[in-house]
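# What the coordinates show
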There are 2 protein chains.
Amino acid sequence: MPDEFLLDEQTCFALYAASRAVTDTYRPLLGELGLTYPQYLVLLVLWESDARPVKEIGEALHLDYGTLSPLLKRLEANGLLTRARLPADERTVVISLTEEGRSLRTRAAGVPSAIGCALGLDDTERRQLIDTLRRLTASAASYSSGGFDAQP
Amino acid sequence: MPDEFLLDEQTCFALYAASRAVTDTYRPLLGELGLTYPQYLVLLVLWESDARPVKEIGEALHLDYGTLSPLLKRLEANGLLTRARLPADERTVVISLTEEGRSLRTRAAGVPSAIGCALGLDDTERRQLIDTLRRLTASAASYSSGGFDAQP
DNA sequence: CCGGATTACCTTGCGCACGATGTAATCGTG
DNA sequence: CACGATTACATCGTGCGCAAGGTAATCCGG
């Protein structure tokens, strides 16, 4: 039988390596904008719909507060967004883009196509890859946090 | 036209999310062995062929010394491997498994199949995913470190 | 309306990842 | 053989990513 330790390495390691290779590709592009890849993801969320609570940003990106809190603080320090308590519920912090944060979208206009080109996949492959990754993510998530015997 | 910032998010973010979901699945399994996922990857390399210089481990995993040096130090502190200068070339450090490091392979025997099951992909999908990810990684790498105008 | 549970967020600690910098050993060239 | 370049590795600083523990605001059952 083939070595299970090698077989296993293939899917998960391929994923791990590909993910890092992609962020490597983003790095120089985003560096010119003073952004990291996770910071760029937060801006993508906010460019899509501004003034959202931290909780929603976390749900969109599958990131927890331990990651987001300091990240958002850095973006605030860089003048790209503001943090404000919601008067109706003082627990929730609403994140809003500043004018500088909004205008950064224009400067980032070339990023998506540059990345799309760097990945070197045609439309069919891209769609299929996304579909497979989505199902894989859902399947893995159902195992990690619950699986058979999850109790809410 | 569709929003490029949304379109772009799909491939790269799907990859980013899937990669983290998979390591989430590994975490409890490897936690019982006292390992993290990158540490597990290093052991996979060494289980395949022991007594390798740090350089080769880095090439296999696409990791640099800044990541590997402290990681290997932790594995050494945990008694899983040893580090020794090569007499023939005092610059290179050879990493060798201890008896405990070798025996951990037996305790990890159930990990690959458990992960394979959690991913929920059939053999065809798995093969195709790996193939796509490999080409994507290669394409991205050729852009990041070189691309058109790389000068050695 | 009161007290316990829940919610939203923050902080701390640890372990990657990566860029930048440093050091010692070796190689290569004149 | 000298000496500049290269190689192999280590260290430091920054920024994720996640677990664990903390706080204040809100909700909810009695």
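In what follows, the accompanying structure is described. (Residues numbered from 1 in each chain as written. Chains lettered and ligands numbered in written order. Predicted model: local features only at pLDDT ≥ 70, side-chain atom pairs only at ≥ 80, totals over all residues. Heavy atoms only, no water.)

## What to know about the relation of the copies chain B and chain A
Going by this rule: Only residues with pLDDT of at least 70 in both copies count here: their C-alpha atoms drive the least-squares fit that superposes the copies. The contact criterion used is simple: two residues touch if any of their non-hydrogen atoms lie within 4.5 Å.
Each copy superposes on the other: chain B lies on chain A with an RMSD of 0.0 Å after a rotation of 180° and an axial shift of 0.0 Å. As the rotation angle and translation indicate, the two copies are arranged about a two-fold axis. Of the interface residues in chain B, 100% have counterparts in chain A that sit at the interface too, so the contact is made through matching surfaces.

## Examining the pattern of salt bridges
The criterion, for reference: The term salt bridge refers to a side-chain nitrogen of Lys or Arg lying within 4 Å of a carboxyl oxygen of Asp or Glu. Helix numbering and strand numbering both begin at the N terminus, where a helix is a DSSP run of H or I of at least 4 residues and a strand a DSSP run of E of at least 2. Accessibility here uses a 1.4 Å probe with only protein chains present; expressed as a share of the type maximum, an area under 20% marks a residue as buried, one over 50% as exposed, and anything in between as partly exposed.
Enumeration over the complete set of coordinates arrives at 22 salt bridges over all chains. Its salt-bridge partner being R52(A), residue E56(A) comes within 3.2 Å of it at the nearest N-O pair. As a salt-bridge pair, R135(B) and E125(A) come within 2.5 Å of each other at their nearest N and O atoms. Placement of the pair is R135(B) in helix α7 (residues 123-144) and E125(A) in helix α7 (residues 123-144), with the two residues belonging to separate chains. Since its relative accessible area comes to 19%, E125(A) is described here as buried. Residues participating in the shared-partner salt-bridge network are D50(A), E99(A) and R102(A).

## Examining the protein's contact with DNA strand D
Formally: Proximity is defined per residue: any heavy atom of the residue falling within 4 Å of a molecule or strand makes that residue near it. Think of a polar contact as two N or O atoms within 3.5 Å of one another; within protein, one of them needs to be a possible hydrogen donor and the other a possible acceptor, and neighboring residues in sequence only count if both atoms come from side chains. Any residue outside Ala, Val, Leu, Ile, Met, Phe, Trp, Tyr, Cys, Pro, Asp, Glu, Lys and Arg is labelled polar, Gly included; the first ten of those are nonpolar and the last four are charged.
Looking at DNA strand D, there are 28 residues lining it, with T36(A), Q39(A), Y16(B), S69(B) and V93(B) nearest. Backbone atoms, meaning sugar plus phosphate, form 78% of the atoms of DNA strand D positioned within 4 Å of the protein. The separation between a phosphate oxygen of DNA strand D and a polar side-chain atom of R74(A) is 2.8 Å. Residue S69(B) places a side-chain N or O atom 2.6 Å away from a phosphate oxygen belonging to DNA strand D. At the level of secondary structure, the elements contributing two or more residues to the surface near DNA strand D comprise α2 (37-48), α4 (65-77) and β3 (89-97) of chain A together with α1 (4-31), α3 (54-61), α4 (65-77) and β3 (89-97) of chain B. Among the residues making up the surface near DNA strand D, the classes are represented as nine nonpolar, seven polar and twelve charged.

## Description of the side chain of T25(A)
Within the secondary structure, T25(A) is located in helix α1 (residues 4-31). On the basis of relative accessible area, T25(A) is assigned to the buried category, the value being 7%. With sequence-adjacent residues up to four places away left out, T25(A) is seen in contact with I115(A), A118(A), A140(B) and S144(B).

## Topic: the sheet that holds β3(B)
All names here are of chain B. How we decide: One bridge is not enough; two strands pair if DSSP finds at least two bridges between them. Every angle, taken between N-to-C directions, lies between 0 and 180 degrees, and every axis is a line fitted to C-alpha atoms, over only the stretch in contact when it is a helix.
Strand order in this open sheet of three strands is β1-β3-β2, and the pairing throughout is antiparallel. Because the sheet does not close on itself, it has two edges, and the strands there are β1 (52-53) and β2 (81-86). Where β2 lies against β3, six bridges are found, and the strand directions are antiparallel. Considered in β3, the bridge of L86 is made with D89. Strand contacts of helix α2 (residues 37-48): β1, β2 and β3, with the helix running at about 95° to β3, the strand carrying the most contacts. Helix-sheet contacts for α4 involve β2 and β3, and the interaxial angle to β2 is about 120°.

## Regarding the packing of aromatic side chains
Selection rule: Aromatic rings from Phe, Tyr and Trp, taking only the six-membered ring of Trp, are treated as a pair when their centres fall within 6.5 Å; an angle between ring planes under 30 degrees marks them as stacked, one over 60 as edge-to-face, and anything in between as tilted. Charges are assigned to positions over rings by a cutoff of 6 Å between ring centre and Lys NZ or Arg CZ, combined with an angular limit of 35 degrees from the ring normal.
Inspection of the entire model under this criterion finds 14 aromatic pairs over all chains. Pairing Y40(A) with W47(A) gives two aromatic rings, centres 6.4 Å apart and planes at 80°, and the pair type is edge-to-face. On the accessibility criterion, Y40(A) (0% relative accessible area) is buried. Taken together, the ring pairs in this structure connect F5(A), F13(A), Y16(A), Y26(B), Y37(B), Y40(B) and W47(B) into an aromatic cluster. Directly above the ring of Y16(A) sits R20(A), whose terminal nitrogen or CZ lies 4.4 Å from the centroid.

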